[in-house]
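Listed below, chain by chain, are the residues.
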Amino acid sequence: MDHFLYNDGALHAEDVPVAEIAAQVGTPFYCYSTATLTRHFRLFDEALDGLPHLVCYAMKAASNLAILKTLANVGAGMDVVSGGEYLRAKAAGVPGERIVFSGVGKTRDEMRLALEGGIRQFNVESEPEMQALSEVATAMGVEAPITVRVNPDVDAKTHAKIATGKSENKFGIPIARAREVYALAAALPGLKVIGIDVHIGSQLTDLAPFRLAYEKVAELTEMLRADGHEISRLDLGGGLGIPYTRSNEAPPLPVEYGALIKETVGHLGCEVEIEPGRLVAGNAGILVTRVIYVKSGEGRDFLILDGAMNDLIRPAMYDAYHDIIPVLEPSPGVEQAKFDIVGPVCESGDTFAKERVMPPVAAGDLVAFRSAGAYGAVMASEYNTRPLVPEVLVNEHQFAVIRPRPTFDEMINRDTIPEWL
């Protein structure tokens, strides 16, 4: 469910007409719904009711400070994967004890930053990282709480570029080596083992891979406890998918996911962490863009938009599908036609959809990409010296620009010409 609906023939974000935002902000822009963000977070929180737990929003999905503050205000922790994300979480008012630091390539500077500012735990992904964290923590005279990310060799049956739990993926340590790695962790100074971490991928639309992974984690928990390790926390990652189309094939609901967690690991007496990102932010955001031209080609027609691959890279990178709808509601029964929907960037890959059936639209009309809240603005760039796409947050009848569009002067003046030129 989201809060982007037609009202009196016009697409609204909650109670605000999208066209009204476009008139003030210009296009393209991202628009997020506060009601959708908070509703989706609460669905996960309620799904784990009865278990000690913390829902840590995966910031990589959408990391604007206003989004982070919105979620922090309803009790979210944060899952960060860089020093920059850590500082964003802190700037949004999230205390260190609600921040989890994930990622395969944490630097010593990032470790030091988190230890100085406070951290709930590091999800350690390799023995070299474990050694480095031990040295940093020991030099600072502190103890770093850690889980070890295990790779359960479970096929998440998702896109190859967002699968993380198979043996050939770069993430975590093989679960078969977990006992020796935990023994190393226990022997290193400056580290405190508190639990296990697992994450198998993103955009999962079936609970079966989660079940396989979590059953392996439950078995490993018992084994490690028998070895004398304190396993009091299980970080089960995120990855639950969202419906990118309006078809009847919907991914599992958070309540079903929560029931699976309780069934597979609920008997262990552990505090549970989950790290949803896409399902919290994905359907909470749209990308609004304007048609520049309608072009007739050889055997096909094109809608050329002012939004481009640098604003929304997912279709070019992942062959991702997004519903694309007119901001003005089409009349019932209107005749539709096929279009290739493209942007103005000088790349053939700047294509959002091929032969997409659309209602008639004309130059100057606004269209919206649904389900664009996750991995949209955070992956945007200024390729072709196109200004970084702005972001807008709606709350009932009001809206605010939460990241402005830079001017060309601001963009160009970031460069420095050496004195010898």
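What you see is a predicted model; the values in this text were computed from it and never measured. (Residues numbered from 1 in each chain as written. Predicted model: local features only at pLDDT ≥ 70, side-chain atom pairs only at ≥ 80, totals over all residues. Heavy atoms only, no water.)

Caption draft 1: View of the pattern of salt bridges. A complete count under the given rule lists 19 salt bridges for this structure. One salt bridge connects arginine 211 with glutamate 263, and the closest N-O pair in it is separated by 3.0 Å. Of this pair, arginine 211 sits in helix 8 (residues 208-226) while glutamate 263 is found in helix 9 (residues 254-265), placing the two residues 52 residues apart along the sequence. The class for arginine 211 is partly exposed, based on a relative accessible area of 29%. The exposure class assigned to glutamate 263 is exposed, which follows from its relative accessible area of 53%. Residues arginine 233 and glutamate 271 are paired through a salt bridge, measuring 3.3 Å at the closest nitrogen-oxygen approach. With arginine 233 in strand 12 (residues 233-235) and glutamate 271 in strand 13 (residues 271-274), the pair connects residues that are 38 residues apart, well separated along the chain. Taking the relative accessible area as the measure of exposure, glutamate 271 reaches 22% and is therefore partly exposed. The structure contains a network of salt bridges with shared partners spanning Arg120, Arg233, Glu271 and Glu273. (Salt bridge = Lys/Arg side-chain N within 4 Å of Asp/Glu carboxyl O. Helix = DSSP H or I, 4+ residues; strand = E, 2+ residues; numbered from the N terminus. Buried < 20%, exposed > 50% of the residue type's maximum accessible area, 1.4 Å probe, protein only.)

Caption draft 2: Quick look at the packing of helix 2 (residues 34-47) against helix 9. Running from N to C, helix 2 and helix 9 point in directions that differ by 30°, and their axes come no closer than 8 Å. Considering the angle they form, helix 2 stands roughly parallel to helix 9. Seen from above, helix 2 lies across helix 9 with right-handed handedness. For the pair helix 2 and helix 9, the contacting residues are Leu43, Phe44 and Ala47 in the first and Pro254, Val255, Tyr257, Gly258 and Lys262 in the second. Of the residues assigned to the contact of helix 2 with helix 9, the class counts are six nonpolar, one polar and one charged. (Axes fitted to C-alpha atoms, helices over the stretch in contact; angles between N-to-C directions. Parallel < 35°, antiparallel > 145°, perpendicular 65-115°, else oblique. Left-handed = near helix turned anticlockwise from the far one by under 90°. Contact = heavy atoms within 4.5 Å. Nonpolar A, V, L, I, M, F, W, Y, C, P; charged D, E, K, R; others polar.)

Caption draft 3: Inspection of the nonpolar core at higher detail. Formed by 100 residues in total, the largest nonpolar core has its most connected members in Tyr57, Met78, Phe122 and Ile261. Among the elements that line this core, the one with the most residues is helix 8, at seven residues. Not counting the four nearest positions on each side in its chain, tyrosine 57 is found in contact with Ala62, Ile67, Leu68, Leu71, Gly77, Met78, Asp79, Pro276, Gly277, Val280 and Ala281. Membership of the second largest hydrophobic core comes to 18 residues, among which are Ala13, Ile286, Ile325 and Val327. (Core = buried A, V, L, I, M, F, W, Y, C linked by side-chain atoms within 4.5 Å.)

Caption draft 4: Spotlight on the environment of proline 326. Of note, proline 326 is situated in strand 16 (residues 324-326). Proline 326 sits 294 residues away from tyrosine 32 along the chain, and the two C-alpha atoms are 17 Å apart. Those residues in contact with proline 326, other than ones at most four positions away along the chain, are Tyr6, Pro359, Val361, Leu366 and Val367.

Caption draft 5: Layout of the packing of helix 7 (residues 178-187) against helix 8. At a minimum axis separation of 11 Å, helix 7 and helix 8 run at an interaxial angle of 45°. Looking at the two axes, helix 7 sits oblique to helix 8. By crossing handedness, the relation of helix 7 to helix 8 is classed as right-handed. In contact with Ala178, Arg179 and Tyr182 of helix 7, helix 8 contributes Leu220, Met223 and Leu224. Looking at side-chain class alone, the contact of helix 7 with helix 8 contains five nonpolar, no polar and one charged residues.

Caption draft 6: Spotlight on helix 8. Taking 1.5 Å per residue, 19 residues should reach 27 Å; helix 8 reaches 28 Å between its end C-alpha atoms and fits that length. Lining the buried residues of helix 8 we find strand 9 (144-151), helix 7, strand 11 (191-197), strand 12 and helix 9. Following helix 8 by one or two positions, glycine 228 has its phi on the positive side, about 100°. (Expected span 1.5 Å × (residues − 1).)

Caption draft 7: Looking closely at the packing of aromatic side chains. As enumerated under the stated definition, the model contains seven aromatic pairs in all. Centroid distance phenylalanine 44 to tyrosine 257: 6.3 Å. Interplanar angle 85°. Geometry classified as edge-to-face. Of the two residues, phenylalanine 44 is situated in helix 2 and tyrosine 257 in helix 9; the sequence distance between them amounts to 213 residues. Taken together, a centroid distance of 6.4 Å and an interplanar angle of 55° make the contact between tyrosine 214 and tyrosine 257 tilted. Of the two residues, tyrosine 214 is situated in helix 8 and tyrosine 257 in helix 9; the sequence distance between them amounts to 43 residues. For tyrosine 214, a relative accessible area of 2% gives the class buried. Aromatic ring contacts, followed pair by pair, group Phe44, Phe210, Tyr214 and Tyr257 into a single cluster. Positioned over the ring face of phenylalanine 302 is lysine 295, at 5.7 Å from the centre of the ring. (Phe/Tyr/Trp six-rings, centres within 6.5 Å; stacked < 30°, edge-to-face > 60°. Lys NZ or Arg CZ within 6 Å of the ring centre and 35° of its normal.)

Caption draft 8: Highlighting the side chain of aspartate 340. Tracing the chain through its elements places aspartate 340 in strand 17 (residues 337-342). Judged by its relative accessible area of 5%, aspartate 340 falls in the buried class. For aspartate 340, the side chain forms a polar contact with the side chain of arginine 300, separated by 2.7 Å. If we ignore the near neighbours within four places in the chain, the residues touching aspartate 340 are Arg300, Asp301, Phe302, Leu303, Ala353, Lys354 and Glu355. (Polar contact = N/O pair within 3.5 Å; in protein donor to acceptor, adjacent residues only side chain to side chain.)

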